[in-house]
Structures are given as structure tokens and as C-alpha cells.
Amino acid sequence: MTDGKGAETAHGFETLAIHAGQDADPSTGAVITPIFQTSTFRQPTVGELPAGYDYSRAGNPTRAALEDCLAALEGGTRGFAFASGMAATDTYLRAVCRPGDHILIPNDAYGGTFRLVDRVLRRWGLDYTPVPLSDLAAVRAAIRPETKLIWCETPTNPLLGIADIAGLASVAHEAGAQLVVDNTFASPYLQQPLNLGADAVVHSTTKYIGGHSDVVGGAVVVRDAHLADDIAFHLKSMGGVAGPFDSWLALRGLKTLAVRMDRHCANAESVVQLLVSHPAVTEVFYPGLENHAGHEIAAKQMRRFGGMVSFRVRGGQDAAVAVCDKAKVFTLAESLGGVESLIEHPGLMTHSSVAGSELEVPDDLVRLSVGIESVEDLRADLTQALG
Ligand SMILES: *Cc1c(COP(=O)(O)O)cnc(C)c1O
């Protein structure tokens, strides 16, 4: 049903998630893409590659199925699967940028992205400026002649800020720069940045795409053929590829992405209703709230508002830590996007590496990754943890 290149667009999202790039294996008829756990491929004669594969760093059929499916779901032409979201981010930035270039990053960027840019890529010669991406005038003002790209996250982590993807694409393109969107929090089911003008989409497939907290992976999807060739070259050269089994797990996760995301969103909406009226909660961050600063833009560019929620607790850091410790159905752990609900204290956990920087987060903040358990159990658990 696809040409194996992600070119199929006539079908709906759910159909593509289950079928794109995943035609039955021609040699066996296996309905599910096999795990091609092999490093190398036999050549019938020197240099002849019947299926196009020679060595699994350069390409592997299980990984290719995932890459084609991701490309179809994001509305791109080519996808690339990496060993982690950070491998995808690093490979993308070093494929597109050169020492001496400058990039803009969100002033509330994912902690690992900030650490990569600040402590690894700066040493390599890449300069950066953190900016509030929700303020297009501030973004425009921060652009320099050597600005190569704007790195965007929306919704952001952990404060659920919203950036206007179409607006940022215009600002970037006016300046001759690219717009890259880390679409991890929304997933392609809720938001498709390439259709809004972005040049590339990056994912941590560890999160909603994998969806079961059992695999670490990353992805890049683009439309432009030259950019795709550059990414392919750098992926092969730098070697941060997704292995066959990890690719298979991410591909299996993709099949149920749409139904999972709908339940994540519905459960998050219910949890938000509980939090906004709870006396121990001073502020709730969720783009679905009408008083959220980015609500209108989120409503325009997202199908629904996602499964991530954060809130501030009356009583400061100790009170926020106590809520995390008391939760039982919500597991105290880093990461997000799995079927199980997670709770964490960003200041002491996921965002400890940005302490003291412009990206520091409030110490009374709690972040939830709302899972797909019975919503009554999630509400009861938060009620007892806040009590
Ligand atoms: C987790 C995450 C990453 C990094 O991905 P890994 O798979 O952990 O390397 C990047 N961006 C966002 C928004 C994330 O949540």
C-alpha cells in the first residue's frame, strides 16, 4: 500500500500509522515487519545490492520501515531513525551548522538539548542565544547574520509554553534561516510542523511514539531532498543509528499512537480540571486552558492539547517534593509519553542541569505525564498526594 518511500498520502493518519512503509515481507508474507537483526547483507556479485542494503549502519530494513512510516505521519518525504533523541538532535545540528554559526534555542528548552548546545556544541564552535519563542519580536531581534536555524519546542518542557510554528517559519525564512521543531511533546498525531512551514521535525521516539517506556530512540523528518541527503550522510558517518529491535519497538508503538494520544489528552483534560480548583495548587500550565497565554495558537496548530501538565504547589519546593513522593498510581520517574502516568520534580530531576541558568524552572513546580489508566484512579491519586 505504499511505495516504501513514505510517499503515500491518500490515507488517513491511523491507516498510515499501521501500514506506511510496512508492506508484508515479500520473502515470507509476514504481516508484521520482521526484526532484521543483521549487521551485513550478502551481495550476489561484487557491488550488487538487490534490496539496496549493504551494512546496517548505512541502512537496515526494520529501521527503513520505521523511517518511512515516520515520514508519512509527519507529511515529510524522508525520515531517519536514531539511537536517541539526543543523537537525532546532535546529528541534525552538526549536519546543518558549521563552526562559527549561531542558532536560537527556546529559553525553556529541553534540558538535554540545552546541555548539548551549551557544553558540547559551543566547544565545537556553535554559538547560541536562548529566546522566548512565544515572542516573535524577541526572536526577530535575536537573529544575526550568522543565524543558521531556530530550534523550536512547542509545547515546551516543563512549562507547556506555546510557540507559533507558522509565525516562526516566516521569521526564520525571512532571515535565510531554517525552522526545526522538536515535536516530541505533541507527536505527529497532534501537530504536523512541516505542514505549518517548518524545515525539519525532530523527535525523541522514547516518548509518545514508542509510548510504552521500553525503548530509547530519536527521529528526524524532512521534505527537502538535499537536506535529506545531508542528514543521511551524517547519520551514516556519525553512526548514531537506531538498532533493528529498537526500530521495531518504535514502529509497534506508532501503530497505536492515535488511540493512545486521544486517551492521554482526555485524561489530561480531566486532571487539569481537578488541579485548577484544588486549594493546594497555585498555578496550572496546560495549553488547553483558555487563560493559557498560548491557547489560541495551540488551538490553531494542534488537534488536541496533549498529555503533559505541570503545576505549582503552595508551600514551595518541600511541598512539591512531598506531592511527588506521596503519589502512588503516578510513578515518580523521569521521562514521559508512556501508557503509565509519571510524576516528577523538574527542578531537582529533569531540569537540574539548567539550575542557575536562564532556563531555571520554579522550585515548586511538579510535572505530570498523564497516562492512559482509568482517569478516576489518576484523580484520586492526585487528590490524596495533594492532601
Ligand atoms: C526526551 C526528550 C529529548 C531527548 O530524547 P532522548 O531520547 O532522551 O535522547 C529531546 N527533546 C524532548 C522534548 C524530550 O522530551
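Definitions and limits used
- Residues numbered from 1 in each chain as written.
- Predicted model: local features only at pLDDT ≥ 70, side-chain atom pairs only at ≥ 80, totals over all residues.
- Heavy atoms only, no water.
- 1 Å grid on protein atoms, 1.4 Å probe; cavity = no way out; pocket = protein on both sides within 12 Å on 5 of 7 lines; lining within 4 Å.
- Points joined across faces, edges and corners; volume = space filled by probe spheres on them.
- Helix = DSSP H or I, 4+ residues; strand = E, 2+ residues; numbered from the N terminus.
- Nonpolar A, V, L, I, M, F, W, Y, C, P; charged D, E, K, R; others polar.
- Buried < 20%, exposed > 50% of the residue type's maximum accessible area, 1.4 Å probe, protein only.
- Contact = heavy atoms within 4.5 Å.
- Polar contact = N/O pair within 3.5 Å; in protein donor to acceptor, adjacent residues only side chain to side chain.
- Phe/Tyr/Trp six-rings, centres within 6.5 Å; stacked < 30°, edge-to-face > 60°.
- Lys NZ or Arg CZ within 6 Å of the ring centre and 35° of its normal.
- Domains from an automatic or database assignment.
- Buried area = accessible area lost by both parts, 1.4 Å probe.
- Salt bridge = Lys/Arg side-chain N within 4 Å of Asp/Glu carboxyl O.
- Axes fitted to C-alpha atoms, helices over the stretch in contact; angles between N-to-C directions.
- Parallel < 35°, antiparallel > 145°, perpendicular 65-115°, else oblique.
- Left-handed = near helix turned anticlockwise from the far one by under 90°.

### Examining the layout of surface pockets
Think of a ball as big as a water molecule: rolled over the atoms, this probe shows where empty space is left. In this structure, the largest pocket occupies an estimated 1,200 Å³ of space. Residue lining of the largest pocket: 40 residues in total, with Ala51, Tyr53, Asn60, Pro61 and Ala64 positioned closest to the centre. For the lining of the largest pocket, the elements supplying multiple residues, two or more each, are α2 (61-74), β1 (78-82) and α8 (225-238). For the lining of the largest pocket, the leading source of residues is α2, giving six residues. Partitioned by chemical class, the residues of the lining of the largest pocket number 17 nonpolar, 11 polar and 12 charged.

### Details of helix α6 (residues 165-174)
Listed in full, the buried residues belonging to α6 are Ile165, Gly167, Leu168, Ala169, Val171 and Ala172. Buried residues in α6 make contact with α5 (136-142), β4 (147-153), β5 (178-182) and α11 (295-301). Looking at where α6 begins, the residue whose side-chain oxygen comes 3.3 Å from the main-chain nitrogen of alanine 166 is aspartate 164. Positive backbone phi, approximately 70 degrees, marks glycine 176, located one or two places after α6.

### Examining the packing of aromatic side chains
Remark: the centre distance and the inter-plane angle together describe each pair of aromatic rings, the angle taken between the planes. Overall, the coordinates contain five aromatic pairs when judged by the stated rule. Residues phenylalanine 245 and tryptophan 248 carry aromatic rings whose centres are separated by 6.1 Å and whose planes lie at 15 degrees to one another, so their mutual orientation is stacked. Pair noted here: phenylalanine 245 and tryptophan 248 are both in helix α9 (residues 244-255), with a separation of three residues, about one helical turn. Taking relative accessible area as the criterion, phenylalanine 245 reaches 41% and is therefore assigned partly exposed. Its end group placed over the ring of tyrosine 189, arginine 303 keeps NZ or CZ at 3.9 Å from the ring centre.

### Digging into the domain arrangement of the protein chain
Domain annotation for the protein chain reports domain 1 (13-255) and domain 2 (259-386). Each of domain 1 and domain 2 has a C-alpha centre, and the two are 26 Å apart. Taken together, the 37 residues of domain 1 in the interface contact 39 residues of domain 2. With both sides pooled, the region where domain 1 packs onto domain 2 buries about 3,100 Å², and carbon together with sulfur makes up 62% of that total. The largest contributions to the domain 1 side of the interface with domain 2 come from Tyr189, Leu190 and Tyr208, which together make up 25% of the buried area. If you look at where domain 1 meets domain 2, you find zero salt bridges. Taken together, the connections running from domain 1 to domain 2 amount to 14 residue pairs in polar contact (both at pLDDT 80 or more). Secondary structure elements with two or more residues in the side of domain 1 that touches domain 2: α4 (111-124), α7 (187-190) and α9. When the residues that make up the side of domain 1 that touches domain 2 are grouped by side-chain class, the tally is 20 nonpolar, 13 polar and four charged.

### With respect to the side chain of serine 247
If you trace the backbone, serine 247 turns up in helix α9. Assessed through its relative accessible area of 0%, serine 247 is described here as buried. When sequence neighbours within four positions are dropped, the list of residues in contact with serine 247 reads Thr62, Arg63, Leu66 and Ala242.

### Side note on empty space enclosed by the protein
Here the structure, examined in full by the defined rule, presents one cavity of 30 Å³ or more. Its boundaries defined by the atoms lining it, the largest cavity holds a volume of some 50 Å³. For the lining of the largest cavity, the secondary-structure elements that each account for two or more residues are β1 and α9. Here the lining of the largest cavity takes three residues from α9, the largest share from any one element. Looking at the lining of the largest cavity residue by residue, the classes come out as seven nonpolar, four polar and one charged.

### Quick notes on the packing of helix α3 (residues 85-96) against α8
When two helices pack together, their arrangement is given by the angle between their axes and by how far apart the axes lie. Interhelical geometry of α3 versus α8 gives an angle of 120 degrees and a closest axis separation of 9 Å. Taken together, α3 and α8 sit at an angle that is classed as oblique. The two elements α3 and α8 cross, and the hand of that crossing is right-handed. Packed against α3, whose contacting residues are Asp90, Thr91, Tyr92, Arg94, Ala95 and Val96, the element α8 presents Leu227, Asp230, Ile231, His234, Leu235 and Met238 at the interface. Of the residues in the contact of α3 with α8, the class split is seven nonpolar, two polar and three charged.

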